[in-house]
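Observations on the three-dimensional arrangement
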Amino acid sequence: MKLSRPLTREQLPAWWAERDTLFAVARADLSGVERIDSTGLALLVQWSQHLASREQRLVLCSPPEGFYPLADLYGVGSLFDLPDNDSRSQHGSE
């Protein structure tokens, strides 16, 4: 699924309204997401936890630059598969 709005606190109500659709898929293309903040990261964590309860992992393709420092800061990088992004992250949280 391709996401195209910021993953930010301001956009959370819209994302939350779509959570049933979002949480049903295990692959998210974030190439259209220009910004992410801690609230957006929390949404991705909840998405990942939902999938984990079904023994699946959330695959994130092309996350915005802001994803990596936030994921490292909160220690949640290991919750996601980042198949084509390994060279962009230091994986400090893994």
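Above this note sits the structure.
Here's what I pulled together on the structure shown here. Just so you know, these numbers come straight off a predicted model, no measurement behind them.

1. Overview of the nonpolar core
Across soluble globular proteins, you tend to see nonpolar side chains buried next to one another. L44, W47, L60, F67 and F80 are the most contacted members of the largest nonpolar core, which has 24 residues in total. Of all the elements in the fold, those that place two or more residues in this core are α3 (38–52), β2 (58–61) and α4 (67–74). Element by element, the count of residues in this core is highest for α3, at 6 residues.

2. Here we look at α3
Compared with an ideal rise of 1.5 Å per residue, which puts 15 residues at 21 Å, α3 spans 20 Å between its outermost C-alpha atoms and is within 8% of the ideal. Those residues of α3 not exposed but buried are G40, L41, L43, L44, V45, W47, S48 and L51. Looking at the buried positions of α3, the neighbouring elements they touch are α1 (12–17), α2 (19–22), β1 (27–29), β2, α4 and β3 (80–81). The opening residue of α3 is D37, an N-cap whose side-chain oxygen sits 3.0 Å from the backbone nitrogen of T39.

3. Details of unusual backbone geometry
Of note in the backbone geometry, E55 takes a positive phi value of approximately 60° without being a glycine. With respect to the helices and strands, the residue E55 is situated in the loop between α3 and β2. The exposure class of E55 is exposed, given its relative accessible area of 77%. Residues other than glycine seldom take positive phi values, yet S62 does so here, at roughly 55°. Positionally, S62 belongs in the loop between β2 and α4.

4. A few points about the pattern of salt bridges
By the definition in use, this model includes 2 salt bridges. A salt bridge links E18 to R5, with the shortest nitrogen-to-oxygen separation between them at 3.3 Å. One end of the pair, E18, is in the loop between α1 and α2; the other, R5, is in the segment before α1, with 13 residues separating them in the sequence. What makes E18 partly exposed here is its relative accessible area of 32%.

5. Overview of the packing of aromatic side chains
What the rule picks out here adds up to 4 aromatic pairs. When the centroid spacing of 5.7 Å and the interplanar angle of 70° are considered together, the rings of F67 and F80 count as edge-to-face. Taken together, the positions of F67 in helix α4 and F80 in strand β3 put the pair 13 residues apart, joining distant regions of the chain. F80 sits in the buried class, given a relative accessible area of 3%. Aromatic ring contacts, followed pair by pair, group W16, F23 and W47 into a single cluster. In this arrangement the basic side chain of R5 is found over the ring face of W15, its NZ or CZ atom lying 4.0 Å from the centre.

Conventions and cut-offs
- Residues numbered from 1 in each chain as written.
- Predicted model: local features only at pLDDT ≥ 70, side-chain atom pairs only at ≥ 80, totals over all residues.
- Heavy atoms only, no water.
- Core = buried A, V, L, I, M, F, W, Y, C linked by side-chain atoms within 4.5 Å.
- Buried < 20%, exposed > 50% of the residue type's maximum accessible area, 1.4 Å probe, protein only.
- Helix = DSSP H or I, 4+ residues; strand = E, 2+ residues; numbered from the N terminus.
- Expected span 1.5 Å × (residues − 1).
- Contact = heavy atoms within 4.5 Å.
- Polar contact = N/O pair within 3.5 Å; in protein donor to acceptor, adjacent residues only side chain to side chain.
- Salt bridge = Lys/Arg side-chain N within 4 Å of Asp/Glu carboxyl O.
- Phe/Tyr/Trp six-rings, centres within 6.5 Å; stacked < 30°, edge-to-face > 60°.
- Lys NZ or Arg CZ within 6 Å of the ring centre and 35° of its normal.

Remember that the coordinates give geometry; whether it matters functionally is a separate question.
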